[in-house]
Structure formats: C-alpha cells, structure tokens
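Given next are the chains, with one letter for each unit.
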Amino acid sequence: MNAKASPVAVTTNRHAPPAAAPAVAHAGMANAIRALAMDAVEQAKSGHPGLPMGAADIATVLFTQFLKFDPAAPAWADRDRFVLSAGHGSMLIYALLYLTGYEAMTIEQIKKFRQLGSITAGHPEFGHTPGVETTTGPLGQGLANAVGMAIAERHLAAVFGGIVDHKTYVLASDGDLMEGVSQEAIALAGHLKLNKLIVLFDDNGISIDGALSLTDSVDQVKRFEAAGWAASRVDGHDPAAIAAALEKAQSSDKPVLIACKTTIGYGAPSKAGKSSAHGSPLGADEIKGARDKLGWSHAPFEIPADILSQWRQAGERSKGAHAEWSQRLAALDAAQRAEFTRRMAGDLPKQALTDAVAAVKQSLAATPKEIATRTACEFALESLIPALPEMIGGSADLTGSNNTRTKSMKAMSAADFSGRFIHYGVREHGMASAMNGMALHGGIIPYSGTFLVFSDYCRPAIRLAALMGERVIHIMTHDSIGLGEDGPTHQPVEHLAALRAIPNLLVFRPADAVETLECWQLALEARRRPSVLALTRQNLPQLSQNFLSSNRCTAGAYEIAAADGKAEVSIFATGSEVAIAVEARKLLAAKGVAARVVSVPCFELLMEAPETARRATIGDAKVKIGVEAAIRQGWDAIIGTDGLFVGMNSFGASAPYKELYKKFGITADAVAAGALRKLGKS
C-alpha cells in the first residue's frame, strides 16, 4: 500500500458539517472500491478491474470532498455532473453509487455485474442506471459529452442566474485522450474558457497492448495547456495532493486538467502496473494476494460497517446544498420558475410550437416558395427559434451553407454564454458529441449543421444519441449529387442508408418547404430519439400549396399525388426526387397509365406505422418504383425485391447538378420509361 494514502482521514466538509462518527482512513474507503471491483469482475468472469483499482484514490477524494450530488435525487438539476469517460472501468462508478447510497444500486446489483437484467452493464448506460450521466465505452465520447454539459451549464446560468451553478467532472483514460474526438473537444472547451469543467486524467501509462510508450509520447499537460487549459500533474495515490489540485481547480478561470499518475490494478501483487490488469479478471490467487497487500481481510462483496457508514455519510454531504437550492428555486419569480422547470423536464411549449408551425404554413400557403430545403429550414427556424428558447443551434464552420443561424441569433462566446448559436469550427465529431452532452444535461434542445457526407464524422456520436434516446437534431445539407460541382468527395450516396440503419434514429428527407417545417416539428416532438434532416442545396418546387393544420409527415409517407383512377403504378420518392416523381406521373398519364406518387419523408415512421396503415400507404399497384438520388439499400421494404429503383449505384461526379441527374438517369423520363417497361407497354 502506498504510504501516502494510509494516514489521511476523510473529511466531508464542503457542503455539510463533518460527520460525528470517527473518520475512516482514506485507504479503507478507497480499498472498498478496489475490493468491489475485483470481486464483481471475478464473479462475472469478465470486465476491467485495473482502472477502478488504480483510480480508487482519485474517486474517493472527489466523491467525499468535492462532488455536489444527492443519491436520493439523482436528477437534481444543479448537481455536479460526473462522467466516467473511461467507461470500461464501469465498476468504479457502480461501486461509488452503491457505497454512497443510491437506492437502486444494491449489493445484489453489484453481484450481477454484466448479467442480463442487471443495472450494472459492462459499460455505463444512461437511463439504465440512476447516477450514470452518459453512456460511455467508445473512448473519447464521455470527455466530449462533458464539454457539452459544461456549455449547457454556462448557457443556462446566463439565462436563469444563480439557480444554475455546478461543475462537470470527468475521469478520462489515456485511450480517451488518444481518440481524435478528444482534440476537437478540448480545443472547443479551451476556446470557450469552460472553467467549470475539470478533467481527472488516470495517467497509468498502460494500454491493452502494453506500455503506452509503444504507441504514444504526447505530453498531455502541454497539449492541454496549448488548448487553453490549466493543467498540472499529481500523484494519483496521494489523497492530499489530489485534494489540493481539486481545490485549486474550483477557482480556475480556464478548464482544468489534473493528470493523476496512477498504477493500474493498484494492489495486485503481480499484475499491478501491467496490461494484464486491464481487461480480464485477476484470478483467485491474484485477488487473494491483493487482499493481503491492501490489508483487506473481508469476504467477497463484504464492506465493513464503519467504512460503509462513512461512505453513506459522504453521500449525505450535499443534502444541505440541495435543500438550500430548492429554497432558491421556490423563491424565483413564478414564471421564471415554471420556465426553468419546463425546460429541465424536456417538455415543449406546446402552444407556442403549434402557433409557430401554423404561422409558417399560412405564410407558405399564401406565398409558395421554390427554394432549397436548406433555405426552407432557415425560414422555419425564423419562427421556431423565438417560440422555443431551449433551442441552441450551431454549425461546423458551414453556417452560410447549412442555414442554421437566423438573423436574431447571437453567437455564444466565452464573454457571453447567453448566445444561442455556437460556432463549432471544423469539428463535426466534437460538435455531435457536445450536442449529446447538452441534451443529457437538460434544459436545451441542441441542433447543428454540416454536410450530409460529413455525417461519417458524426456517426459515433449519432449512434450513442440513438442508444441513449436523446433529442439531438442534425441538419445535414447538400444531401445528394444535387450539390453539383463539388463532386463525388462531397456528394453523399450511401449515407442515407447508413443513417437509416441506426436503430431509434429518425432520418427525414423533406420534399419541399412545407415538409421541411413538418419534419422539424416531428424532430422537436421526438422526445426520446435523435433526428437527421437531410436537406438540398438546389431549389425545389413547393408541392404542398394548400394550408393544412395536420402534419402529413407524421405517418412517414403519404400520397402527395393521386392516380386518375385505379393506380397501375405507385412511385415512391424522397426529398428532391419527389418533384421528379410528380413529373413522371404526368408523363405516364399522357400514355394512359394511372400512377400515384407517395412522398416518403421518413422511412422509420412509415415502418413503425400500424400494418394496416402502412399497407394502405404502399398500396397494391402492379408496379412499384422507388426514386432517390442514393443507393437502393433499404428501399425493398417499400417497393419489394421486384420493384424498380431509380437512383445511384456508384459515386457521383463534378458537374452542374442538372447534368448529373441526366448522367445518372434520375429523371422523370427514366422513371416513366421504367414503369412502362415493367407494365410491358414500352
């Protein structure tokens, strides 16, 4: 045992008076974490004991002296956020939740680590385990989420004042800091001077393959300092040094990195400091040796009463702060209190949204617009942004191209966090991950823009938003070969199919200005899922010119042009190709063939519709045709394997967009000719 750790008694005086019971030495409390981690991983025969054992001293100091939290109220709006970015070390957070008294985290749940039906999954999952702030495991994501949480805290504090005043803490591994998203995240955090963000780096010098020196020689302290952070190094097994660094961090005017030098698998007699401690059970003999070395003589999963009591007292430490905060909330002006409560609950201002949507629809019915759907997006936002103050927009250095900033939106900056538009820079991945953090924090509906082809950069974060069920809205413009001259590097072909493959993600591709508004409404109303709006660069005709109070996109697909008589052909299309389908219908009518056109703005909503409604929408026409300037994948669910598809089966090319549509055969003539061939009438 490290000699520095043993004599330090735990004090819990940051938010409440010291406990009356005799203080338990820090080492005993930290060793409780180590023991639970060893035992749970061994019983599961699966898991990562090394990080919880190595970082136990860091976590003990943080949770007993600094973190503001209330186990009885895991969703307390002004709690500090703790993000275990190194999600593989999940037994660290599970042990802490049990020890500090979260009701759902029982010792039985610890014993069921990594088992079906438990709340102790292999990696921490938001919404699955009370006290877990975000789903982590894919390295770097938690750190980037935390940047978003810190942004949310600063913005809401600027809007609501002192009722929002908390910090965001992160425990990050060397793997987190090697992932590229970490650079995007720390650069943004440094630029915005997010001084309430504190990252504790578990600097153990070990990766799965062996010593970190095999792959990396970055000086992380200098790296963070270059990004505008305050950074320092401490002995990660010296509780006094850790506490001093955390105390200093409380008053920093910059985000803070504390690099804590630790030993992975601390206490294990032969595996400590080695990669063998990282991702496998230690084994019975090694655990026995660790117990002897740590002076821990207790049976598996047994925490002595005095140690557990001290941990539970630590869990009670912020009760007074919580009660005082509740009093301040109650003292707010009634309207401001109601607004804060509404926003933190994630509830929409329903009447304001209804009125905003109706106003835009009335305007479009009175004066139809032949505009790109990206422009239609901005037109919709001009009404939505004033109606929903929780909407925070942004763009990855493509503001003028994505049309995500309205005229009234002020940019957020380190000098003024009240702004509602964030310039993310060329950081698509960091942007998407930060938006997840904002949504997780609560009180904000984040949206931002980039090109659809760059959804590849955002995909890991989009997938996690879908897994967590978070309302995050991505505006992806330049959605096909219709972007023209920029060529195949920027022309998405496979991206719609790839995004549609993500469970719980809504992918919208509206056909005109009206559908763009309706898709925005659906994305805002989708409380438990993220959305992508794929929007055009090129102008499109407004196909819906009558005012309708209902939202036809709700069903995922609807008949936008009926057949003259019984339909022989059903043409299904999305986005810019709906207008092509409507023109093809006219060509077929001239040939005496009755065809109908179905706009399909959202595959997911169509597939989720009741079977009878879905069958009615798809219909029973002899010939079914899908039209989309993308690959066929996913379309067979609508048109069948014998259906005709008019779209892309290769990359695009650089040319004016109208020439490209002709080159790749995505035209009304091609659709009509294909239908006639299928009918044997060509």
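1. As for the packing of helix H2 (residues 50-66) against helix H9 (residues 239-249)
- The geometry of H2 relative to H9 is characterised by a closest axis approach of 9 Å and an angle of 50° between their N-to-C directions. By the angle between their directions, the pair H2 and H9 is classed as oblique. In the crossing of H2 with H9, the sense of the turn from one axis to the other is right-handed. For the pair H2 and H9, the contacting residues are Asp 57, Ile 58, Val 61, Leu 62, Gln 65 and Phe 66 in the first and Pro 239, Ile 242, Ala 243, Leu 246 and Glu 247 in the second.
- Along the lines of polarity and charge, the residues of the contact of H2 with H9 split into 8 nonpolar, 1 polar and 2 charged.

2. Re helix H15 (residues 373-387)
- Here H15 contains 15 residues, and its C-alpha end-to-end distance of 21 Å stays within 8% of the 21 Å for a straight helix at 1.5 Å per residue.
- Helix geometry: H15 is bent most strongly at Leu 381, by close to 35°.
- Buried positions along H15 lie against helix H14 (350-366), strand E8 (391-395), helix H16 (399-402), strand E10 (445-451), strand E11 (473-477) and helix H20 (513-525).

3. Considerations on the pattern of salt bridges
- This structure, assessed with the given rule, holds 28 salt bridges.
- With a closest N to O distance of 2.8 Å, Glu 339 and Arg 342 form a salt bridge. Taken together, the residues span about one helical turn, with Glu 339 and Arg 342 both in helix H13 (residues 334-345) at a distance of 3 residues.
- On the basis of relative accessibility, which here comes to 24%, the residue Glu 339 falls in the partly exposed class.
- Several salt bridges share partner residues, and in doing so they unite Glu 153, Arg 154, Asp 165 and Lys 196 into one network.

4. Observations concerning the packing of aromatic side chains
- This structure, assessed with the given rule, holds 14 aromatic pairs.
- Considering the side-chain rings of Phe 603 and Trp 635, the 4.9 Å spacing of their centres and the 90° angle between planes classify their relative orientation as edge-to-face. One end of the pair, Phe 603, is in helix H22 (residues 603-608); the other, Trp 635, is in the loop between strand E17 (623-627) and helix H24 (636-639), and 32 residues separate them in sequence. The pair formed by Phe 603 and Trp 635 is uniform in burial state, with each residue classed as buried.
- Each member of the aromatic cluster is reached from another via a ring pair, and the members are Phe 63, Phe 69, Phe 82 and Tyr 102.
- Sitting above the plane of the Phe 603 ring, Arg 500 keeps its charged end 3.7 Å from the centroid.

What counts, and at which threshold
- Residues numbered from 1 in each chain as written.
- Predicted model: local features only at pLDDT ≥ 70, side-chain atom pairs only at ≥ 80, totals over all residues.
- Heavy atoms only, no water.
- Axes fitted to C-alpha atoms, helices over the stretch in contact; angles between N-to-C directions.
- Helix = DSSP H or I, 4+ residues; strand = E, 2+ residues; numbered from the N terminus.
- Parallel < 35°, antiparallel > 145°, perpendicular 65-115°, else oblique.
- Left-handed = near helix turned anticlockwise from the far one by under 90°.
- Contact = heavy atoms within 4.5 Å.
- Nonpolar A, V, L, I, M, F, W, Y, C, P; charged D, E, K, R; others polar.
- Expected span 1.5 Å × (residues − 1).
- Bend = angle between axes of the 7 residues up to and from the residue.
- Salt bridge = Lys/Arg side-chain N within 4 Å of Asp/Glu carboxyl O.
- Buried < 20%, exposed > 50% of the residue type's maximum accessible area, 1.4 Å probe, protein only.
- Phe/Tyr/Trp six-rings, centres within 6.5 Å; stacked < 30°, edge-to-face > 60°.
- Lys NZ or Arg CZ within 6 Å of the ring centre and 35° of its normal.

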